[in-house]
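Here are the chains, one letter per residue:
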Amino acid sequence: MVFELFKNEQHVCLMFSDLADEGAGEVVQSNQFLIVQDGNGILLDPGGVMTYNELYIAMSKYFSPKKLKYIFASHADPDIIASLPRWLTGSETKLLISALWSRFVPHFCPRGKAEGRIIAVPDQGTLLPFGSTAFQILPAHFLHSEGNLQFYDPVSRILFSGDMGASILPCDRVAPVTDFAQHLPFMHSFHTRYMVSNKVCRYWVNMVRAIDPEWIVPQHGAPLKGSLVIGQFLDWIESLSCGVDLMTQEMYTPPLGMNVSL
Ligand code: FE
């Protein structure tokens, strides 16, 4: 499924939501994003190896993958960027990723493949000139990864938020959220465990309120659109205890029995 999140004559933002074979629930649903601006193309969080072929074909209808200028990775998880070696072979792209991951991510690739093609983005983020606009690569440290970035497009006013705002849904249920209270059960346990602490959630909320995006679009599940739903999400995550807030000594004790079926 392809969602057209934004389109005008110079600028298109697309979301692909059903490209990875979900393998009867063994693989988490994920979204990939293409932005085309004045004939330049950038892919955001293009996914793992199983997504590569279908994304290559699906995006070809809108932009020649060979001419991709950049791939942006919010962090270095397998569902975000394990397809890196395929994209480095199949296109001219460079990869934008946190400086914390820039020397680790070449481990996805054969020796030498990533040489000169990884751009390390520092902790404070950066502006990224692109066609007639400039994107904002934003800091989102520890949300959830140590070196974590997000991507704001000021033309469409979409904040591509990586794992922040993610919901765990089947791919046929990935449509913009209309009722936040009904949607919350699909977000709650993910954020409670994966987001690192309430402190960093609050810093992030303050930044996002100042940006005032029209959309928050995560890498898993349904987009959040409009001030009502986004306001409800920000109020919720701002007060959520999560990650290290919830760890106790009992969680760091050796197992007493065999807890897996082998
Ligand atoms: Fe992740």
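Residues numbered from 1 in each chain as written. Predicted model: local features only at pLDDT ≥ 70, side-chain atom pairs only at ≥ 80, totals over all residues. Heavy atoms only, no water.

## A word on the packing of aromatic side chains
Alright, step 1. In total, this model carries 16 aromatic pairs according to the counting rule given.
Alright, step 2. Pairing Trp 101 with Phe 104 gives two aromatic rings, centres 5.7 Å apart and planes at 75°, and the pair type is edge-to-face.
Alright, step 3. Considering the side-chain rings of Phe 135 and Phe 151, the 4.8 Å spacing of their centres and the 45° angle between planes classify their relative orientation as tilted. In this pair, Phe 135 sits in strand 9 (residues 133-139) while Phe 151 sits in strand 10 (residues 149-153), placing the two residues 16 residues apart along the sequence. Side by side, Phe 135 and Phe 151 carry an identical accessibility label, which is buried.
Alright, step 4. By the ring-pair criterion, three or more aromatic residues cluster together here, those being Phe 33, Tyr 70, Phe 72, Phe 130, Phe 135, Phe 151 and Phe 160. (Phe/Tyr/Trp six-rings, centres within 6.5 Å; stacked < 30°, edge-to-face > 60°. Helix = DSSP H or I, 4+ residues; strand = E, 2+ residues; numbered from the N terminus. Buried < 20%, exposed > 50% of the residue type's maximum accessible area, 1.4 Å probe, protein only.)

## Examining the environment of Gly 116
Alright, step 1. Its place among the elements puts Gly 116 in the loop between strand 6 (94-98) and strand 7 (118-121).
Alright, step 2. Along the primary structure Gly 116 and Lys 94 are separated by 22 residues, whereas in three dimensions their C-alpha atoms are 8.3 Å apart.

## Comments concerning the pairing of strand 9
Alright, step 1. Where strand 8 (residues 126-130) and strand 9 come together, five bridges link them in antiparallel fashion. Residue pairing for strand 9: Thr 126 is matched across the bridge by Ile 137.
Alright, step 2. With antiparallel pairing between neighbouring strands as the criterion, strand 8 and strand 9 make up a hairpin whose turn holds two residues, including Gly 131 at a positive phi of roughly 55°.
Alright, step 3. As judged from the four bridges shared by strand 9 and strand 10, these two strands associate in the antiparallel manner. Among the inter-strand pairings, Leu 138 is bridged to a residue of strand 10, identified as Gln 150. (Pairing = 2+ DSSP bridges.)

## Brief notes about the coordination of the iron ion
Alright, step 1. Coordination of the iron ion by the protein is provided by His 75 (NE2), Asp 77 (OD), His 144 (NE2) and Asp 163 (OD), with metal-donor distances spanning 2.1 to 2.2 Å.
Alright, step 2. Taken together, the four donor atoms coordinating the iron ion and their angles of 79 to 168° define a geometry best described as irregular.
Alright, step 3. Each donor residue of the iron ion belongs to the same chain, and together they define the spacing H-x1-D-x66-H-x18-D. Residue His 75 is located in the loop between strand 5 (70-72) and helix 2 (78-81), and its partner His 144 is located in the loop between strand 9 and strand 10; the two are separated by 69 residues in the primary sequence.
Alright, step 4. Note on His 75: relative accessible area 0%, which makes it buried. (Donors = N, O, S within 2.8 Å, 3.2 Å for Na, K, Ca; no water. Tetrahedral: all angles 85-135°; square planar, octahedral: opposite > 155°, others 65-115°.)

## As for the pairing of strand 4 (residues 40-44)
Alright, step 1. In terms of burial, strand 4 is a largely internal element, five of the five residues being buried.
Alright, step 2. What you see with strand 4 is no split at all: Asn 40, Ile 42 and Leu 44 on one side and Gly 41 and Leu 43 on the other are buried throughout.
Alright, step 3. From the end of strand 3 (residues 32-37) to the start of strand 4, which pair antiparallel, there are two residues, and Asp 38 there has a positive phi angle of about 50°.
Alright, step 4. Relative to strand 5, strand 4 runs parallel, the two being bridged by three bridges.

## Things to note about the side chain of Ser 83
Alright, step 1. Relative to the elements of secondary structure, Ser 83 occurs in the loop between helix 2 and helix 3 (84-90).
Alright, step 2. Looking at Ser 83, its side chain comes within polar contact range of the side chain of Trp 87, at 3.2 Å.
Alright, step 3. Not counting the four nearest positions on each side in its chain, Ser 83 is found in contact with Pro 46, Gly 47, Gly 48, Val 49 and Tyr 52. (Polar contact = N/O pair within 3.5 Å; in protein donor to acceptor, adjacent residues only side chain to side chain. Contact = heavy atoms within 4.5 Å.)

## Description of the pattern of salt bridges
Alright, step 1. Across all of its chains, the model carries four salt bridges by this definition.
Alright, step 2. Measuring nitrogen to oxygen at the nearest pair gives 3.6 Å for the salt bridge that ties Asp 212 to Arg 157. With Asp 212 in the loop between helix 6 (198-211) and strand 12 (215-217) and Arg 157 in the loop between strand 10 and strand 11 (158-160), this pair connects stretches of sequence that are 55 residues apart.
Alright, step 3. For Asp 212, a relative accessible area of 44% gives the class partly exposed.
Alright, step 4. Accessibility expressed as a relative area gives 32% for Arg 157, which makes it partly exposed.
Alright, step 5. Arg 157 is the salt-bridge partner of Glu 214, the closest N and O atoms lying 3.7 Å from each other. Highlighted residues: Glu 214 in the loop between helix 6 and strand 12 and Arg 157 in the loop between strand 10 and strand 11, separated in sequence by 57 residues.
Alright, step 6. Taken together, the shared-partner salt bridges connect Arg 157, Asp 212 and Glu 214 into one network. (Salt bridge = Lys/Arg side-chain N within 4 Å of Asp/Glu carboxyl O.)

## Points about the nonpolar core
Alright, step 1. If you look at the biggest cluster of nonpolar residues, it comprises 32 residues, and the most contacted ones within it are Trp 204, Ile 216, Phe 233 and Ile 237.
Alright, step 2. Among the secondary structure elements, those contributing two or more residues to this core are helix 6 and helix 7 (227-238).
Alright, step 3. With seven residues, helix 6 is the single largest residue contributor to this core.
Alright, step 4. Each residue touching Trp 204, except ones within four places of it in the same chain, is listed here: Ala 140, Leu 143, Gln 150, Leu 159, Met 164, Ile 216, Phe 233, Leu 234 and Ile 237. (Core = buried A, V, L, I, M, F, W, Y, C linked by side-chain atoms within 4.5 Å.)

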